[in-house]
Amino acid sequence: LPDNRANCVIIFPPKTDADALFDSCARFIKTQRLLYEDTYVLFDAFLSQGGLNEITEHTARLVGNPVMVIDKSYKVLSFSKDIATDDFQWNDNISRKYCSYEYTSMFSDIDDIKNSRKINEPFFSGCIVSHYRHCISRLCAGKECVGYLLSIEACEPFSDRSVSLLQVASRLIAKIIS
């Protein structure tokens, strides 16, 4: 619109259900508001300089699933303690403080990791040694990958909102560890 104060008129077909349209718009606005509120929590944790562990815990609570941060040599830098899982491989990596050779080999074999197609976009992957779906976000400092933010779908199904939060968290965590 040329003038920000100008009214915008949208014409809908006569058969448009106004109540359904209103409900749909209300759901969209509520979803966006919740995403902004959760993003604020992550930014607040980042700006308060509480550190990697604090932002990892906030991220796990917001997405409702365990979260782990690993560097590019597959060393575990941080993981959520408040939200845990019974996944053997996940817990084994945490107890060792680094990812096993088998896990690293499987991880490096994921097409999205090999191809590095969309640097800042989380992607999903299965895992041979785990029955949970993984959401993986690259931690990028400029164009260099400095690690990964991992989450597994152990407690809550991944949603568009949780993926968006993982994307925001990955950008903040990359700044912390780079």
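In case you missed it, the structure is sitting above this.
Just so we're clear, the structure is a prediction, and the values are computed from it rather than from any experiment.

Q: Sorry, what's going on with the overall build of the protein here?
A: Across its full length, the protein carries six helices and five strands. If you list the helices and strands of the protein from N to C, you get α-α-β-β-α-α-α-β-β-β-α. Going through the 178 residues of the protein one by one, you find that 42% of them count as buried. Long-range pairs, those at least 24 residues apart, make up 53% of the contacts in the protein with a sequence separation of at least 6. Here the protein has roughly 10800 Å² of accessible surface; of this, 54% comes from carbon and sulfur atoms.

Q: Hey, could you run me through the packing of aromatic side chains in this one?
A: Geometrically, a pair of aromatic rings is defined through the distance of the ring centres and the angle of the planes. Inspection of the entire model under this criterion finds one aromatic pair. Aromatic side chains Phe 124 and Phe 158 sit 5.5 Å apart centroid to centroid with 50° between the ring planes, which places their arrangement in the tilted category. Highlighted residues: Phe 124 in strand E3 (residues 123–127) and Phe 158 in the loop between strand E5 (144–152) and helix H6 (160–177), separated in sequence by 34 residues. Overall, Phe 124 belongs to the partly exposed group, its relative accessible area being 36%. The ring of Phe 79 carries the charged tip of Lys 81 above its face, separated from the ring centre by 4.4 Å.

Q: Would you mind showing me how to read the pairing of strand E2 (residues 76–79) here?
A: On a regular strand, each side chain points to the face opposite its neighbour's, so the side chains alternate between the two faces of the sheet. Two elements, strand E1 (residues 67–71) and E2, share three bridges in a ladder whose sense is antiparallel. By the bridge assignment for E2, Met 68 is matched with Phe 79. The antiparallel hairpin formed by E1 and E2 contains four residues in its connecting segment, where Tyr 74 sits at a positive phi of about 70°.

Q: Can you walk me through the packing of helix H1 (residues 18–47) against helix H2 (residues 52–63) in this structure?
A: Helix packing for two helices is described by the angle between their axes and how far apart those axes are. For the pair H1 and H2, the least separation of the axes is 9 Å and the interaxial angle reads 170°. Taken together, the axes of H1 and H2 lie roughly antiparallel to each other. Contacts from Asp 38, Val 41, Leu 42, Ala 45 and Phe 46 in H1 reach Glu 54, Ile 55, His 58, Thr 59 and Leu 62 in H2. Split by residue class, the contact of H1 with H2 holds six nonpolar, two polar and two charged.

Q: Looking at this structure, how should I read the pairing of E1?
A: Taken across its five residues, E1 has five buried, putting it largely inside the fold. Residues Val 67, Val 69 and Asp 71 line one face of E1 and the alternating positions Met 68 and Ile 70 line the opposite face, and both faces are buried. Sheet topology note: the E1/E5 ladder contains five bridges and is antiparallel. Within E5, the position partnered with Ile 70 by the bridge is Tyr 148.

Conventions used here
Residues numbered from 1 in each chain as written. Predicted model: local features only at pLDDT ≥ 70, side-chain atom pairs only at ≥ 80, totals over all residues. Heavy atoms only, no water. Helix = DSSP H or I, 4+ residues; strand = E, 2+ residues; numbered from the N terminus. Buried < 20%, exposed > 50% of the residue type's maximum accessible area, 1.4 Å probe, protein only. Contact = heavy atoms within 4.5 Å. Areas by Shrake-Rupley, 256 points an atom, 1.4 Å probe, with all protein chains shown as cover. Phe/Tyr/Trp six-rings, centres within 6.5 Å; stacked < 30°, edge-to-face > 60°. Lys NZ or Arg CZ within 6 Å of the ring centre and 35° of its normal. Pairing = 2+ DSSP bridges. Axes fitted to C-alpha atoms, helices over the stretch in contact; angles between N-to-C directions. Parallel < 35°, antiparallel > 145°, perpendicular 65-115°, else oblique. Nonpolar A, V, L, I, M, F, W, Y, C, P; charged D, E, K, R; others polar.

These figures capture arrangement, not role.
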